[in-house]
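Tertiary structure, described
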Amino acid sequence: MFTALRHSLAGALLLCAALFANPAPAATYYVRTDGGTVEQCTGLADASYPGSGKNKACAWKSPMEALPPRADNQPNKPRISGGDILVIDSGSYMIGYSAEAREAYGPDVCDASYSYDCVPQPIPSGPDPQHPTVVRGASCTARPQLWGTQGASHILSLDGASNVRLECLELTDHSPCIVFYKPDPRLACDRKWGADVGTWASAGLHAQDAGRITLLDLNIHGLASDGVNAGRLHDWTVQRVVIRANGWSGWNGDLGGNDHSSADSGKLVFDQLTIAWNGCAEKYPTTTIIDCWGQEEGGYGDGFGEAWTGGDWVFTRADI
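Residues numbered from 1 in each chain as written. Predicted model: local features only at pLDDT ≥ 70, side-chain atom pairs only at ≥ 80, totals over all residues. Heavy atoms only, no water.

**What about the overall build of the protein?**
Heads up, the rule is: Elements are defined by DSSP. Helices are runs of H or I of four residues or more, strands are runs of E of two residues or more, and each kind is numbered from the N terminus. Here the radius of gyration uses the C-alpha set of atoms, whereas the globule reference equals 2.2 Å times the residue count to the power 0.38. For each residue, the accessible area found with a 1.4 Å probe, counting protein chains only, is set against the maximum for its type, and the residue is called buried under 20%, exposed over 50%, and partly exposed in between. Contacts are residue-level and defined by heavy atoms, with any inter-residue pair within 4.5 Å sufficient. His is not counted here, nor are the chain ends, while Lys and Arg score as positive and Asp and Glu score as negative. By convention, the point assigned to a charge is CZ for Arg, NZ for Lys, CD for Glu and CG for Asp.
When helices and strands are counted, the protein shows 3 helices and 17 strands. Against the 2.2 N^0.38 benchmark of 20 Å for 320 residues, the protein shows a C-alpha radius of gyration of 21 Å, consistent with a compact globule. Based on the C-alpha atoms only, the size of the protein along its principal axes is roughly 85 × 55 × 40 Å. Looking at the protein as a whole, 46% of its 320 residues are labelled buried. A separation threshold of at least 6 residues defines the contact pool for the protein, and within that pool the share at least 24 residues apart is 70%. For the protein, the distance from the average position of its 23 positive side-chain charges to the average position of its 36 negative side-chain charges is 6 Å.

**Examining the state of the cysteines**
Using the following cut-off: Two cysteine sulfurs form a disulfide in these notes if their separation is within 2.5 Å.
Evaluation of the coordinates by the stated rule reveals 5 disulfides. Here Cys41 is linked by a disulfide to Cys58, with a sulfur-sulfur distance of 2.0 Å. Of note, the bridge from Cys41 to Cys58 carries an S-S torsion of about -95 degrees and is left-handed in sense. In this pair, Cys41 is assigned in the loop between β1 (28-36) and α2 (63-66) and Cys58 in the loop between β1 and α2, connecting sequence segments 17 residues apart. There is no split in this pair, since Cys41 and Cys58 are both buried. Covalently, Cys110 is tied to Cys118 through a disulfide, its sulfur atoms 2.0 Å apart. Handedness of the Cys110-Cys118 disulfide follows from its S-S torsion of about 75 degrees: it is right-handed. Side by side, Cys110 and Cys118 carry an identical accessibility label, which is buried. By sequence order of its bonded cysteines, the protein has the disulfide arrangement 1-2, 3-4, 5-6, 7-8, 9-10.

**Observations regarding the nonpolar core**
How we decide: Definition used in this section: a nonpolar core is a set of buried Ala, Val, Leu, Ile, Met, Phe, Trp, Tyr and Cys residues joined via side-chain atoms within 4.5 Å.
Counting 54 residues, the largest nonpolar core has Leu158, Leu166, Leu215, Trp236 and Trp251 as its most contacted members. Beyond its immediate stretch of four places on either side in the chain, Leu166 contacts Ile123, Val135, Leu156, Leu158, Leu205, Thr214, Leu215, Leu216 and Leu218. Core analysis: the second largest hydrophobic core is formed by 11 residues, Cys177, Tyr181, Trp248 and Ala281 among them.

**Focus: the environment of Gly227**
Position of Gly227 among the secondary structure elements: in strand β9 (residues 226-239). Spatially, the C-alpha atom of Gly227 lies 9.5 Å from that of Val242, the residues being 15 residues apart in sequence. Once residues lying within four places of it in the same chain are set aside, the contact partners of Gly227 are Ala203, Gly204, Leu205, Ile220, Ile243, Asn246, Ser249 and Gly250.

**So, the packing of aromatic side chains**
How two aromatic rings sit relative to each other is set out by the distance from centre to centre and by the angle between their planes. Formally: Note on ring pairs: Phe, Tyr and Trp rings are taken, using the six-membered ring of Trp, and paired if centres are within 6.5 Å. Classes follow the plane angle, with under 30 degrees stacked, over 60 edge-to-face and the rest tilted.
Following the criterion strictly, the structure yields 14 aromatic pairs and no others. Summarising the aromatic geometry, the rings of Trp236 and Trp251 are spaced 6.0 Å apart at their centres and angled 80 degrees between planes, so their arrangement reads as edge-to-face. Highlighted residues: Trp236 in strand β9 and Trp251 in strand β11 (residues 249-253), separated in sequence by 15 residues. Judged by relative accessible area, Trp236 falls into the buried class, the value being 1%. On the numbers, 6.4 Å between centres and 10 degrees between planes, the contact of Trp313 with Phe315 is stacked. Here a set of aromatic residues connected by ring pairs shows up, and it is made of Trp236, Trp251, Phe270, Phe304, Trp313 and Phe315.

**What about the pattern of salt bridges?**
Which entries qualify depends on this criterion: The term salt bridge refers to a side-chain nitrogen of Lys or Arg lying within 4 Å of a carboxyl oxygen of Asp or Glu.
The full count for this structure, using the stated rule, is 11 salt bridges. Between Asp190 and Lys192 there is a salt bridge; the shortest N-O distance is 3.9 Å. Assessed through its relative accessible area of 28%, Asp190 is described here as partly exposed. Among the salt bridges present, the one from Glu282 reaches Arg244, with a minimum N-O distance of 3.0 Å. Residue Glu282 is located in strand β14 (residues 281-282), and its partner Arg244 is located in strand β10 (residues 242-244); the two are separated by 38 residues in the primary sequence. Salt bridges sharing partners connect three or more residues here, namely Arg32, Asp34 and Asp46.

Below is the structure:
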């Protein structure tokens with residue numbers, strides 16, 4: 001009897017170990033400009049919304065459907081899970097506050113008075129390095145453009161994330177303004193919250209307390225403040241990423257305070273990184289460089305800047 005019981009327990013433990021060793025199969029979700037809302041489409045098919053009905057086999061219309069804005073008093077859950085793949089078709093996708101976003105995601109996270117918070121929640125962590133959560137463009141030659149509006153604090157977030165890969169995306173906004181631009185205040189971004197403040201966003205990518213992250217073939221440009229604001233990182237790989245013409249800095253590794261609270265660790269690898277014209281704006285809708293300003297004019301203008309940090313930093317074939 002006891003021998004049979006031991007064998008049964010051993011079999012159960014082996015089964016549990018096998019379940020934990022093999023993560024659940026990843027789902028692939030799709031975003032297209034002709035997709036639908038989360039009520040209209042499952043997101044599980046690379047197809048347009050047929051125009052009527054609910055829960056159809058079609059793509060979502062925005063990355064915000066996959067990663068709805070959230071707050072403590074509006075705890076929207078992500079519609080993708082760790083280890084899933086989100087494929088975004090070529091095209092233009094607005095990220096940020098609108099009356100439609102307020103209706104879809106709730107007034108506690110999308111309100112004109114704090115429109116900067118109406119942004120996608122952080123991408124969920126993958127279960128392990130071999131099964132990362134992936135957000136990628138369907139084409140690297142025609143990257144989908146995710147553009148921020150109404151003072152969005154960022155376009156994508158990796159706060160608290162691990163085992164995530166971003167690839168073949170363009171992150172930008174549709175305004176030439178720079179936050180707190182001093183040489184000519186008329187060219188500074190409008191920050192009169194509660195009104196239409198314009199088609200600008202502060203940063204392309206925000207990340208803190210994030211590890212085992214891979215960025216591939218990204219174009220981050222034309223933002224009102226930082227291309228990337230990221231600190232307390234460990235073990236990142238950044239390859240073929242362009243960070244160009246962001247109003248204050250390109251890669252800003254200071255989360256605030258210029259002290260050890262932003263320190264990084266592990267191995268941080270940058271290959272074929274391009275940093276150019278940060279501390280300038282782009283004359284939207286072109287990419288013409290305008291309104292460059294440096295520290296002597298009250299600006300910042302760092303291409304790649306860190307606070308007190310650690311880690312092993314490796315740069316190969318960089319153009320800065």
